[in-house]
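Structural description and commentary
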Amino acid sequence: MKELKLAIRAAKIAGNIVKEHFVEPRVSVKGVKDVVTTADVEAEKSVKEFLLEKTDYGFLGEETGEKDGNPVWIVDPLDGTRPFCFGIPNFSTVIALMNGGDTLLGVVYNP
């Protein structure tokens, strides 16, 4: 399946960016109890560019918003931001592809 290969490649793109930032994460406050890192934003932008260049699907990202379409890529480039911020390597990149209410695929990558 072409989409699975794309999701795996996208997860590795995000994972490489996240790893680069792991030594010294830059953190800012996103909400009352929520933080975001430069790694989150950079990784999601790269994944979004990659997936939208390769497909004409929609996109929903935690940091960069959405692009309408169906099926839709759903991306969390850094799931586990709090451990990441404290230097604990318990985080991952999560990518799914959904069509309507059906999950077509999911990839979890622990960089």
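What you see is a predicted model, and the numbers here were worked out from it, not measured in a lab.

Structural notes on helix α2 (residues 38-54)
End to end, α2 covers 24 Å across 17 residues, agreeing with the expected 24 Å (1.5 Å per residue, within 8%). Buried within α2 we find A39, D40, A43, E44, V47, K48, F50 and L51.

Details of the pairing of strand β7 (residues 102-109)
Alignment of strand β6 (residues 92-99) against β7, held across seven bridges, turns out to be antiparallel. Across the sheet, L97 pairs through a bridge with L105, a residue of β7. If you look at the hairpin formed by β6 and β7, you'll find two residues sitting between the two strands, and G100 has a positive phi there, around 65 degrees.

Points about unusual backbone geometry
Between N70 and the following residue, P71, the backbone shows a cis peptide bond with an omega angle of 0 degrees. In this fold, P71 is placed in the loop between β4 (65-67) and β5 (72-79).

Some words on the sheet that holds strand β3 (residues 58-61)
Ordered in space as β4-β3-β5-β6-β7, the five strands form an open sheet in which the pairing is mixed. On the outer flanks of this sheet lie β4 and β7, each paired with one strand and no other. The mean inter-strand angle of the sheet, taken between neighbouring strand axes irrespective of direction, is 15 degrees. Lying over the sheet, α2 contacts β3, β4, β5 and β6, oriented at roughly 155 degrees with respect to β5.

Conventions and cut-offs
- Residues numbered from 1 in each chain as written.
- Predicted model: local features only at pLDDT ≥ 70, side-chain atom pairs only at ≥ 80, totals over all residues.
- Heavy atoms only, no water.
- Helix = DSSP H or I, 4+ residues; strand = E, 2+ residues; numbered from the N terminus.
- Expected span 1.5 Å × (residues − 1).
- Buried < 20%, exposed > 50% of the residue type's maximum accessible area, 1.4 Å probe, protein only.
- Pairing = 2+ DSSP bridges.
- Axes fitted to C-alpha atoms, helices over the stretch in contact; angles between N-to-C directions.
- Contact = heavy atoms within 4.5 Å.

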